[in-house]
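The chain contents come next:
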Amino acid sequence: MIAPQYAAFVHGCFEMLALAAGVAYYRRLRARAGGGDLLHGAEFAVAAGCIFGAALGNKLVFWAEVPHLLPLYWDRPEAWLGGQSMVGGLLGGLIGVEIAKKLTGVVRSTGDAFVFPVLLGLMIGRVGCFLAGLADGTYGLPTGLPWGVDFGDGIRRHPTQLYEIAFAGVMWLALRYLQPSLAGQPGLLFKTMLCAYLVWRLAIDSLKPVPFAYPFGASGIQWVCLVALVAYLPLAWRQWQRLRHLATA
């Protein structure tokens, strides 16, 4: 682990690296597929919707996780500059893209192109979370398992950041395998990735401390994941059913 006084700097560096790598990989995939220029027209609107939506969702879900701190720190700039939520970024980016598409008349699915850049950014970003240790707040509960990690307070904890890196890697391989068969239903690759990640966060966050308990002892992020799954899983299921009918027709 790194010294606490450097935790925020190192974590911030990995956040920027994750964003830069994700954007670069997204542009590379678009160029390979013959996509248009991101700086003009509807493509720019969709990219802007993704960025602004992700930034807003990021903060909203972070504060949903720690609402008891908002009255204490709402007037401090660092309270709005710090604090991140991958779940909020994904959901906010999704909503931002859909709003931008409505405003510009784009009807085609655009989500599939984001899948692997998002996973790449997630894996890089979680390295920063792991190195930041206790200062980051993404560590797990105490454990007696041999792979428990002491983040600096003498207590061995679940390295949930590393669990998430491993999960993202497995999901990458699984989605690469499924990608050709899902190509007949544009958008289904992204829906599958998002639903899998929401289910994962519902499960893995039960191994993390709950900073503010909502009903049934669940965290704010877990409730956001549950609500998002209720709204989004039926859309994915209908596309999976259409794909199944096409395969048997």
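Above this text is the structure in question.
Structural notes, computed from the coordinates. (Residues numbered from 1 in each chain as written. Predicted model: local features only at pLDDT ≥ 70, side-chain atom pairs only at ≥ 80, totals over all residues. Heavy atoms only, no water.)

### A short note on helix α7 (residues 160–182)
Thought 1: Within α7, the axis deviates most sharply at R176, by approximately 30 degrees, and proline P180 lies no more than four positions further along.
Thought 2: Listed as buried for α7 are T160, Q161, Y163, E164, F167, A168, M171, W172, L175 and L182. (Bend = angle between axes of the 7 residues up to and from the residue. Helix = DSSP H or I, 4+ residues; strand = E, 2+ residues; numbered from the N terminus. Buried < 20%, exposed > 50% of the residue type's maximum accessible area, 1.4 Å probe, protein only.)

### Comments concerning the environment of I155
Thought 1: Locating I155 in the fold gives a position in the loop between β1 (149–150) and β2 (156–157).
Thought 2: Linking I155 and T143, residues 12 residues apart in sequence, is a C-alpha distance of 8.3 Å.
Thought 3: Apart from residues lying up to four places away in sequence, I155 is in contact with P142, V149 and D150. (Contact = heavy atoms within 4.5 Å.)

### Considerations on helix α5 (residues 86–104)
Thought 1: With 19 residues, α5 extends 27 Å from end C-alpha to end C-alpha; this agrees with the ideal 27 Å at 1.5 Å per step.
Thought 2: Buried residues of α5: V87, G88, G89, L90, L91, G92, G93, L94, G96, V97, A100 and K101, and no others.
Thought 3: Among the residues trailing α5, G105 stands out with phi positive, at a value near 80 degrees. (Expected span 1.5 Å × (residues − 1).)

### So, the pattern of salt bridges
Two side chains with opposite charge may pair up if their charged atoms get near one another.
Thought 1: Under the definition given, this model contains 5 salt bridges.
Thought 2: A salt bridge links E98 to K101; the nearest nitrogen and oxygen atoms lie 3.7 Å apart. Pair noted here: E98 and K101 are both in helix α5, with a separation of 3 residues, about one helical turn.
Thought 3: Among the salt bridges present, the one from D205 reaches R201, with a minimum N-O distance of 2.8 Å.
Thought 4: When salt bridges with common partners are traced through the structure, they connect R201, D205 and K208 into a single cluster. (Salt bridge = Lys/Arg side-chain N within 4 Å of Asp/Glu carboxyl O.)

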